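Descriptive analysis of the structure
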Amino acid sequence: MPKKVKTTVEFEGRVSEILVDIPDIETPLWGNDAELDIVGHPIPRVDGDKRVTGAAKYTSDILLPHMLYGRILRSAHPHAVVKSVNSSEAEKLPGVKAVISAFNTDPIRWHGSSSLFDKTARLVGDEVAAVAAVDEETAADALELIKVDYETLPFVTDMEEAMKDTAPKLWPNGNVVGGKPSIYERGSVSKGFAEADLVIEETFRTQTELHTCLETHGSVAFWEGDKLTVWDSTQAVFNVRDALAAALNIPSNHVRVIKQYMGGGFGSKLELGKYTVIAALLARRTNRPVRLMLTREEDQMNTGNRPATLQHVKVGVKKDGTLTAIELKSVNANGAYLGGAGCGAPYREMYLCANVRTEEYAVYVNTGRSRPARAPGHVQGTFGLESMMDVVSRKIGMDPLEFRKKNYATVNQAQTNPKPYSAKLLDQLYEAGAKKIDWWNRDKSRNSGDFHSRKRGVGMASQIWGGGGGPPAYALVKINRDGSVNVLSGTQDLGTGTKTIISQIAAEELGIALADVAVDLGDTETCPFSGSSGGSTTAASVGPAVRTAAADARLQLFEYAALELKVKPEELSSRRGKIFVKSDPQKSLPFKEAARKAGNNMIIGKGFRGPNPDGYSLNTFGAHFAEVEVDMETGRVTVLRHVAAHHSGRPFNPLTMTSQIEGGVIQSMGYALSEQRVIDPASGIPLNMNMENYKPMTALDVPTIEPILLTQVDEHCNTLGGKGIGEPPRIPAAAAIANAVADAIGIRIRELPITPDKVLAALKSSVPSHKV
Amino acid sequence: MRAFEYFAPQQLADVIHTLSTAGGNARVCAGGTDILGRLKDGVDTPDKLVCLKTLPEMRYVRESNDGVRIGALTTLSTIEEDPIIRKSFPLLVEALYVTAAPQIRNQATMGGSICQRPRCWYLRGPFDCLRKGGAKCFAVDGENKYHAILGGHLCYIVHPSDSATALVALNASAKIQGSKGEKTVPLEKFFVGPEVNILKENILEDDEILTEIFIPTPSAGARGAFSKSRERQSYDFALASAAVQCTMKNGVCAEARVVLGGVAPIPWRSIEAEEELKGKKLDPKTIERAAAAAVRKAKPMTQNIYKVDLTRQLLSKSLSQIMV
């Protein structure tokens, strides 16, 4: 029996202590000098061909016999009592098979005290009723025939308005989540400000960002008797299974959730969606499979967002650049239902400072609910913090990069007993990035615009994030009689390359070719448990479990090889398709031959993720350097170069890691320059629920992104020596761009996105703009 | 999207017949890049959709002594690549190059580009606005960052077409076919502001379609330039644009046509700017005066004041290109 121990795990900034087993099969650390054939090599996606040829089946590709199509009727009002839903006309429409609402279904609890179809709508887009019909057009037509009697209520969409006593209340206890701010303090900021030579205050604002997953949210639900199978576009098949079983009051083993391929989640697909339950209810009522995919407009409206922030920052600094105090007071737009909002973590962790205080309000407003959005909190907070660090360094006449080095933290100060970072090479990232962008000669860049009307500038920003992963995560490795291998794990590949990395780890440990490994993920019935794919934790959580499972399977196979080679199993090793005697490598047997000897004696290796190390804080670091050109006449900002230096321990696959960095920077460029949800203040109706007016960047908009990967192994984090990279590249990019804009034009834009109107207004008045 | 009857006539006469018997409840579809979105968003709910793609004619660029004729069904990318157009009307080529994205230009047509409806998010959203026969313009007290600074009157849409802005500067004319026959009007007169008709952006009657654009041969010494500002560089409608066509004689601007896009309900011809240019030597001072004159009557709203400076700068930019 494996021994149970307690270990600390972190997910999206939340730290918890859990019970975990210590694996009894030891897999020693793959250190810097480990000779690896597959892991750490630039391996193209194992399923890339399927994705680009259309062979890959996404949720919206699932087509079942007699399948119906579901659509949701959503509230037209930001705050209203749903007094009645009359669906008689809709039900008469030929092809309509079911209409459900709060008035003909049992209530299902949702968001605490709310319900699936709540009789109070709290945002434009809240679920009011749903239809199943023979095709999507009929379902859409039916929605128009449903008559809803609303009693409209006063509403508030602006978070600062919502904090006022006079504001309409969304919930009985008021609009401030929890009734009070979340406060953190170490040392004493008043003491810190007193010690400072200079105290500087600034206010920064960030907009509401939408996840804009290329694949919208949606599910296909199919009942066989009392057993439900659901295909879902999700980052967490087990979360969905357990929550769905609870919502429908059926056992978990009556629910199977499958996710094969998906087109992005970015944090918005970490939980059970209402659409999934609605699809299941419609399927049960009609006794037919139901596919319910959200439209782009619905997806943008009500599947989550990165909440808007207001950040008042106050910093105390000595003339030599020593930070004496950092204080943040922030307001964060939580949306209508509890979603999680706050941006203080970078302020607490990034720089060495004895006196830090963060006071954060999350506020209910009648808009879409905030959800984790690729590095939640950190992206917003890093824009404020890193803009502020630039301001402070300029005020004291210190180079911004030198200033950051001066306040370098080596322990996690936010912990009660600060632990050292398991691997922090940020200083090396600073050097590498500065060299690549030619930081020390950036004055040359500033004066090199093509015309006098275009000014150039260079800016940088740093990043801290978790990404160490942890238990629980499980994997099975099966060796077939022909020597081919199946790996099963209940994790999911969001399009990030998880499947490829797992294939690499299994093939490496088994000592066989990548082509001989098939990986199956995202199925609650066939795969053992793994956690949700978020927090940049997947590779570092699941990878070690896969490796242990592979080691277990290999040991079992060695017993057959040992008989053949007439040695003891523990004398054997395997590499490049051969099992050989460690002391006499010439004495060997092909891996596939050993598998044939085992025949149908099933080899199933089992692995699980062991505990995280005591005594270290597992974090990832990065530094971005951007060069921009600002057209002083039109206010247009063009990113000319973007250098992104990152260290997450061993890169499992430099190709997928580079993709993550590029994708993160591209998303961030939209955040920095063009993306912004707009809500009509008078009606509460969102105005830009499309990609025309909500403006993500396209391939044509981005310059060559220049990633720098430090490959040094993190010797403490896990047996693979590597951590996550999904979120880190999103964190400093917008701040680096904003700092470059300030460098170029000499005026700081304190509010994202940096659109031409803001630049022109700033140039005209040099008074900062303050409109959200 | 409401169900509709779909027609794919083989002859123009059948198109006109279908339109004239539909009582205003028909829409035409050429490239479909605008109308399909309007149908899906419920902005238009016609009984009949008349496809023009099946018509054999109307896809051409033809040169004659007096100018060039472009069939209304010619795609924007065809026009952009046409050697005659490239030689004689660089202004139009510049405008097309920054219109939408290449994929859309492969599909969108000349006629469709000119007749597309405004992008105003209130018009396209669930708002009963003036342009839809409702009681008010929601942009006035609402989100009006993208709205008009010139020519607004009760309604503050901006005309979205880059090619229309360029073509008015080129003094193009439009051929219209209807049940009463054929007529040709200067393109400038084709568009109508909200003070004339708040429900539509041009003079087309329910039974009429645009069939051809004619651009007269530019006089000797003619030079044109087009500048456009976008929030997203790869593809986006104009925050503002400025099309300029001048006839230069010995460094003096003999004739000038200045048209602004993205700032008014119609492609906005700035007579004020033209007056500042005519008979003047095109130098930085003249340019500054003309650009200032173009926005002198601008009436910005709460969020679009930036368009005043932006328009002035874009016009300066276009004029400077001509000067060089």
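In this report, we go over the structure that sits alongside the text.

Conventions and cut-offs
- Residues numbered from 1 in each chain as written.
- Chains lettered and ligands numbered in written order.
- Predicted model: local features only at pLDDT ≥ 70, side-chain atom pairs only at ≥ 80, totals over all residues.
- Heavy atoms only, no water.
- Helix = DSSP H or I, 4+ residues; strand = E, 2+ residues; numbered from the N terminus.
- Rg over C-alpha atoms; globule rule 2.2 N^0.38 Å.
- Buried < 20%, exposed > 50% of the residue type's maximum accessible area, 1.4 Å probe, protein only.
- Contact = heavy atoms within 4.5 Å.
- Areas by Shrake-Rupley, 256 points an atom, 1.4 Å probe, with all protein chains shown as cover.
- Salt bridge = Lys/Arg side-chain N within 4 Å of Asp/Glu carboxyl O.
- Pairing = 2+ DSSP bridges.
- Axes fitted to C-alpha atoms, helices over the stretch in contact; angles between N-to-C directions.
- Core = buried A, V, L, I, M, F, W, Y, C linked by side-chain atoms within 4.5 Å.
- Domains from an automatic or database assignment.
- Buried area = accessible area lost by both parts, 1.4 Å probe.
- Polar contact = N/O pair within 3.5 Å; in protein donor to acceptor, adjacent residues only side chain to side chain.
- Phe/Tyr/Trp six-rings, centres within 6.5 Å; stacked < 30°, edge-to-face > 60°.

So, on to the overall build of chain B. When its secondary structure is counted, chain B shows twelve helices and twelve strands. For chain B, whose C-alpha radius of gyration is 19 Å, the value lies close to the compact-globule estimate of 20 Å for 324 residues. The principal-axis extents of the C-alpha atoms in chain B amount to approximately 60 × 50 × 35 Å. Sorting the 324 residues of chain B into buried and exposed places 59% on the buried side. Put simply, of all contacts in chain B between residues at least 6 apart along the chain, 65% involve residues at least 24 apart. Summed over its atoms, the accessible surface of chain B is roughly 13,200 Å², and 52% of this surface lies on carbon and sulfur atoms.

We now examine the pattern of salt bridges. Oppositely charged side chains can pair when the atoms bearing their charge come close. Overall, the coordinates contain 77 salt bridges over all chains when judged by the stated rule. In this structure, the salt-bridge partner of A:D523 is A:R256, at a minimum N-O distance of 2.6 Å. Within this pair, whereas A:D523 is found in the loop between strand 23 (517-521) and helix 15 (538-565), its partner A:R256 is found in strand 15 (residues 255-258), the two being separated by 267 residues in sequence. Overlapping salt bridges, with partners in common, bring together A:E692, B:R27, B:D34, B:R38, B:D44, B:R119 and B:R124 in one network.

Okay, the sheet that holds strand 29 (residues 637-647) of chain A next. All names here are of chain A. Taken in spatial order, the four strands make up an open sheet running 20-28-29-30, and their pairing is mixed. With partners counted over all chains shown, the strands left at the sheet margins are strand 20 (454-465) and strand 30 (705-710), one partner each. Averaged over all adjacent pairs, the angle separating strand axes in this sheet is 15°, with direction ignored. In terms of strand pairing, strand 28 (residues 620-631) meets strand 29 through ten bridges, oriented antiparallel. Bridged to V628 within strand 29 is V639.

A few words on the nonpolar core. Ranked by size, the top nonpolar core spans 82 residues in total, and within it A:F625, A:V628, A:V630, A:I745 and A:I754 carry the most contacts. Residue contributions to this core peak at nine residues, all from helix 18 (residues 733-745) of chain A. Structurally, this core is a two-domain feature, drawing no fewer than three residues from each of domain 3 (155-211 + 304-409) and domain 4 (415-467 + 613-772) of chain A. Residues B:F127, B:V244, B:A256 and B:L282 belong to the second largest nonpolar core, which totals 50 residues.

Glancing now at the interface of chain B and chain A. Contact with chain B, which involves 28 residues of that partner, is made by 30 residues of chain A. For the pair chain B and chain A, the summed buried area comes to about 2,600 Å², and 55% of that belongs to carbon and sulfur atoms. On the chain B side of the interface with chain A, the three residues burying the most area are B:W121, B:E231 and B:R232, jointly 22% of the side's total. For the salt bridge of B:R119 with A:E692, the shortest nitrogen-to-oxygen distance reads 2.6 Å. Where chain B packs against chain A, one counts 13 residue pairs in polar contact (both at pLDDT 80 or more). With six residues, the single largest contributor to the side of chain B that touches chain A is helix 12 (residues 306-323) of chain B.

Here we take up the packing of aromatic side chains. Tallied over the full model, the rule gives 13 aromatic pairs over all chains. Arranged with centres 5.8 Å apart and planes meeting at 75°, the rings of A:W439 and A:F625 form a pair that is edge-to-face. Taken together, the residues A:W439 in the loop between helix 12 (426-437) and helix 13 (442-446) and A:F625 in strand 28 connect sequence positions 186 residues apart. Accessibility assignment for this pair places A:W439 and A:F625 in one class, buried. Look at B:F127 and B:F138: their rings are 5.2 Å apart centre to centre, the planes differ by 55°, and that puts the pair in the tilted class.

Take the sheet that holds strand 27 (residues 603-608) of chain A next. Residues and elements named next belong to chain A. Pairing is mixed across the open sheet formed by four strands, whose spatial order is 23-22-21-27. A strand with exactly one partner marks an edge of an open sheet, and here the two such strands are strand 23 and strand 27. Neighbour-to-neighbour, the strand axes of the sheet open up by a mean angle of 20°, direction not taken into account. The sheet contact formed by strand 22 (residues 485-489) and strand 23 spans five bridges and is parallel. Each bridged residue has a counterpart across the sheet, and for S489 the counterpart in strand 23 is L521.

Attention now goes to the side chain of A:T500. All names here are of chain A. Inspection of the secondary structure puts T500 in helix 14 (residues 498-510). In terms of polar contacts, T500 uses its side chain to reach the backbone amide nitrogen of V46, at 3.1 Å. Apart from the residues lying within four places of it in its own chain, the contact partners of T500 are I43, P44, R45, V46 and N653.

So, about helix 19 (residues 756-765) of chain A. Every buried residue of helix 19 of chain A is accounted for by A:P756, A:D757, A:K758, A:V759, A:L760 and A:A762. Residues of helix 19 of chain A that are buried in the fold lie against strand 28, strand 29 and helix 18 of chain A together with helix 12 of chain B.

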